[in-house]
Amino acid sequence: GRVRDEAADANDRALRILAEFDTYRRRSEKERATAADRGAADVLRELLEVVDNFDRALEHANDDLPDSFLDGLRLVARSLHDVLDRRGIEKIEAVGQPFDPELHEALSSMPGEDVEPNTVLSEVQTGYKLGERVLRAARVIVSRAEPGS
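Scoring rules and cut-offs
Residues numbered from 1 in each chain as written. Predicted model: local features only at pLDDT ≥ 70, side-chain atom pairs only at ≥ 80, totals over all residues. Heavy atoms only, no water. Helix = DSSP H or I, 4+ residues; strand = E, 2+ residues; numbered from the N terminus. Contact = heavy atoms within 4.5 Å. Pairing = 2+ DSSP bridges. Axes fitted to C-alpha atoms, helices over the stretch in contact; angles between N-to-C directions. Core = buried A, V, L, I, M, F, W, Y, C linked by side-chain atoms within 4.5 Å. Buried < 20%, exposed > 50% of the residue type's maximum accessible area, 1.4 Å probe, protein only.

Caption draft 1: Up close: the environment of Leu135. With respect to the secondary-structure elements, Leu135 resides in strand β5 (residues 133-136). Leu135 sits 18 residues away from Pro117 along the chain, and the two C-alpha atoms are 26 Å apart. In this structure Leu135 touches Ala41, Leu44, Arg45, Leu48, Ile89, Tyr128, Lys129 and Leu130, once residues within four positions along its chain are discounted.

Caption draft 2: Main features of the sheet that holds strand β1 (residues 89-91). Within the open sheet, the three strands sit side by side as β1-β4-β5. Their pairing is antiparallel. Pairing within the sheet leaves two strands with one partner each, and these edge strands are β1 and β5. Taking each pair of neighbouring strands and ignoring which way they run, the sheet shows an average axis angle of 35°. When strand β4 (residues 128-130) meets β5, the two strands line up antiparallel, connected through three bridges.

Caption draft 3: Seen up close, the nonpolar core. Formed by Ala41, Leu44, Leu48, Val51, Leu80, Leu84, Ile89, Tyr128 and Leu135, the largest nonpolar core amounts to nine residues. Those residues within four positions of Ala41 in sequence are excluded, and the remaining contacts are Arg133 and Leu135. Counting six residues, the second-largest nonpolar core is a separate cluster that includes Ile92, Ala94, Val120 and Ala138.

Caption draft 4: Inspection of the side chain of Gln125 at higher detail. As for its position among the elements, Gln125 is in strand β3 (residues 120-125). Among the residues examined, Gln125 registers a relative accessible area of 16% and is labelled buried. With sequence-adjacent residues up to four places away left out, Gln125 is seen in contact with Glu49, Asp52, Arg136, Ala138 and Arg139.

Caption draft 5: Fine view of the environment of Lys30. Considering the arrangement of structural elements, one finds Lys30 in helix α1 (residues 2-59). A relative accessible area of 62% means that Lys30 is categorised as exposed. It is 30 Å that separates the C-alpha atoms of Lys30 and Ala138, two residues lying 108 residues apart in sequence.

Caption draft 6: Just unusual backbone geometry, in detail. Of note in this structure, Asn118 is not a glycine but carries a positive phi near 65°. Note that Asn118 resides in the loop between β2 (104-111) and β3. Classification of Asn118 by relative accessible area gives partly exposed; the value is 46%.

Caption draft 7: A look at the pairing of strand β6 (residues 138-144). Burial analysis of β6 places five of its seven residues in the buried class, the great majority of the element. With seven bridges connecting them, β2 and β6 associate as parallel partners. Bridging from a neighbouring strand, Ala106 pairs with Val140 of β6. Looking at chain direction, β3 and β6 are connected through four bridges and run antiparallel. Within the sheet, the bridge partner assigned to Ser122 lies in β6 and is Ile141.

See below:
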């Protein structure tokens with residue numbers, strides 16, 4: 001009778017505590033993973049700035065530089081881009097695409113010849129995403145409708 005009831009109660013309590021602990025453990029693992037993802041995203045975002053600056057420097061590197069030096073710079077740029085590729089970071093398509101506020105940050109608009117309004121005309125800064133997550137929106141210039149059209 002009573003002993004069996006108390007044992008059943010104790011068993012129920014133990015099972016409930018185990019279930020709560022399991023829920024807690026899963027939640028804390030998920031929070032840790034999310035924090036790690038956020039930290040990684042922050043580091044990758046900073047790395048994107050470095051990659052941009054490096055690419056810009058290469059674009060403006062003048063022909064007076066020795067070939068061996070330029071080749072070295074190109075090698076560093078390629079390895080930076082390889083790191084991004086290995087991490088699954090992709091450039092966001094922008095030019096010619098319909099403006100998407102999730103992916104693009106419009107810096108300004110201008111009349112677009114032969115394109116629909118709200119089409120990305122040019123890219124001021126490349127955007128990148130990691131899977132579905134936007135690390136940095138592409139900064140763009142968008143076409144606007146002509147008055148009276």
